[in-house]
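Coordinate inspection notes
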Amino acid sequence: MLDIKFIKEKTGLVKKAVKDRNMTVDIDEILAIDEERRSLLGNAEALKQKRNTASTEISRLKKDGEDAGTLIAEMRSTSQKIKELDDKLGDIDKKLHQKLLFVPNILHKTTPIGKSEKDNVEIKKWGETPKFSFTPKPHWEIAKHLDILDFERASKIAGSHFCLYKGLGARLERALINFMLDIHTKKHGYKEVSTPFIANRLSMTGTGQLPKMEEDMYRCEIDDFFLIPTAEVPVTNIHRDEILKENDLPICYTAYSPCFRRESGSYGKDTRGLNRVHQFDKVEMVKFVKPENSYQELESLLGNAETILRQLELPYRVIVLNTLDISFAAAKCYDIEIWGAGQSKYLEVSSCSNFEDFQARRANIRFRRKQTEKIEFVHTLNGSGVALARTVVALLENNQREDGSVSIPKALHPYMDGMEVIE
RNA sequence: GGAGGGAUGGCUGAGUGGCUGAAAGCGGCGGUCUUGAAAACCGUUUUCCGGCAACGGAACGUGGGUUCAAAUCCUACUCCCUCCGCCA
C-alpha cells in the first residue's frame, strides 16, 4: 500500500507506475475521496473539540452544584451531529482504504519498462547446459520409469495437477528441503521457522495477495481461511502490527512450506508433469530490513538462492522482471530460471523481490531508530530458496542417463544416505 | 464440546463514569559520576490522524449500544489462558 500523502505529493510518479504496469487505477478518484475525507474530518473534529470543552464545563458546574441542564441539552444535539459525521467518515475511510489496496507499488528505477514478457532482461547465466549422446527425456517419463512420481494416483486422491511422490522421489524431496534449510540457516544466517500453512484474510491482505488474487487461492469458507500460496504470507506476518528494534534488524527467516495455488486460467501450455502443480514444496527466505539497506539485501538474497542452485549444479539464468511482469507489490524483482534439459526450456524456481515499505505499510511493520527514536516502516523482501517441484524436474532431466537412471549431485549425497544414483 | 478467567503503552501491570492518554516497574534514549564500562542517581520516553505552525482530534482486543461525558456500564464477536472431556 502506498501512503495517501505520498500519492498526493507525488501523483505523477504514482500514475506513471500504474501506466508502466499497464494497469487501470483511478488515482484522481482516490485523491478526490481523500479531499472529501479531510473536509469531513475537519468538521467532525471541530464539533468534538466543542463537546470536550463542554464536558469539562459540565463536570465543573456539577461539582460546584450549579445547573448544567442547558449545556447538557445543547450537547445532546451536538453529539447527534458528531455521530452522523463519524458515520459518514467511517464509510469514506473504508472506501478510501479499499481503493488504496488496489494501487500498485512504485517501481525501482532499475526495473525495466516492458511491453511484454519478452522485455525481461537477462542479467546473468551460470553453468553449462548438459549435452547428451541420446535424446533426453522429459521428467514425467524418467519418473515413471523409476516409479518415483505418480500423477495418475495423485489425481485420484485430489485432482489433476497434483503429484504423489513415491520411494526415492519422496526421499529426494525431503533431502532437498533439509539441504536448503541447512544452507540458509548454517551458511547464510537465516533463522528457521515453521509456520501455519493456513492464513487469515488480514495476513493475506498484509502481504498483498488479497484483495486482488482471491480467485487464485484455495479458501476454507466456513472459517474464511486461505491455504497459503507461499510461506511469504505467514512469515512476513510474523511481525504484523509490531514495532521492531533497530538493533534486531535485519531479521532473516527461512521456512519450508507447501504452497497451494489454484492456478486458475493457466491450463494447456507448459503444465505437464511437475511444471505447474496445485501443491508444491518450497523453502522461502524473508527479510525485514532498514530502508537504506534494502537493495543491498536484495542482492544478497538473490545470491543466497543462487548458492542453492550452484551446489546442486543446476545451470540457471537470472532475469530482472519488467514493469508488466513484476507483481504489483514489488518494486524490483529477480527471477531465477533453471534449465530443464528434457524439455529444453527454462523453468522459474525463484523470485527475489524487494517490496520496500509496500507490505510493511499494509501489515503495519515498523521499527524504532535508536538515535532519533523515530518510528519508520521497515522494508520487506522475500525470495524462494528455492521452489522444489521444478528443481526436481531439472535434477531428473539434466542428470538422466541413457539407461534411465539419474545421478544425484554431490551436495545431496549426505542427505540421501550417500546414494549417488536413483535407479 | 463443558466450566471459569483474561485482553490497557516497546514489555510487565494498576486503574469501575468527568481531575486518566492512562500509576508503578522494566526496557529505550539523554545526562551526572567514571580512564572506560557497570552500578547508583537525575531527566526523558504511547501511537495514529488533521494542520506550515500554534494547536486540535482519536485510540485501553473488535463492532454495536447507554450517556452531555466511557478504559470504566450494557451487548455481540474475536483471540488468549486454566480446568474437565475428547483426540493426533
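What comes next concerns the included structure. (Residues numbered from 1 in each chain as written. Chains lettered and ligands numbered in written order. Predicted model: local features only at pLDDT ≥ 70, side-chain atom pairs only at ≥ 80, totals over all residues. Heavy atoms only, no water.)

**Quick look at the packing of helix 7 (residues 168-187) against helix 10 (residues 294-311)**
Direction vectors running N to C along helix 7 and helix 10 enclose 130 degrees, while the axes themselves pass 10 Å from each other. With respect to their mutual orientation, helix 7 and helix 10 come out oblique. The chirality of how helix 7 crosses helix 10 is right-handed. Contact with helix 7, carried on its side by Phe179, Met180, Ile183 and His184, involves Asn304, Thr307, Ile308 and Gln311 of helix 10 and no other residues of that element. (Axes fitted to C-alpha atoms, helices over the stretch in contact; angles between N-to-C directions. Helix = DSSP H or I, 4+ residues; strand = E, 2+ residues; numbered from the N terminus. Parallel < 35°, antiparallel > 145°, perpendicular 65-115°, else oblique. Left-handed = near helix turned anticlockwise from the far one by under 90°. Contact = heavy atoms within 4.5 Å.)

**So, the protein's contact with RNA strand B**
The environment of RNA strand B is formed by 24 residues, the closest being Ile58, Ser59, Ser79, Arg368 and Lys370. Among atoms of RNA strand B positioned within 4 Å of the protein, sugar and phosphate together represent 77%. Residue Ser59 places a side-chain N or O atom 3.0 Å away from a sugar or linking oxygen belonging to RNA strand B. Ser79 is positioned such that a nitrogen or oxygen atom in its side chain is 2.8 Å from a phosphate oxygen of RNA strand B. Secondary structure elements with two or more residues in the surface near RNA strand B: helix 3 (27-63), helix 4 (69-100) and strand 14 (365-368). Ranked by the residues each element gives to the surface near RNA strand B, the list is headed by helix 3, at 12 residues. For the surface near RNA strand B, the residue count by class is six nonpolar, five polar and 13 charged. (Near = heavy atom within 4 Å. Polar contact = N/O pair within 3.5 Å; in protein donor to acceptor, adjacent residues only side chain to side chain. Nonpolar A, V, L, I, M, F, W, Y, C, P; charged D, E, K, R; others polar.)

**Focus on the sheet that holds strand 5 (residues 198-200)**
Here three strands make up an open sheet; going across it, the order is 5-7-6 and the pairing antiparallel. Every interior strand has two partners, whereas the edge strands, strand 5 and strand 6 (219-220), have only one. Bridge analysis of strand 5 against strand 7 (residues 225-227) gives three bridges, and the strand direction is antiparallel. Bridged to Asn200 within strand 7 is Phe225. (Pairing = 2+ DSSP bridges.)

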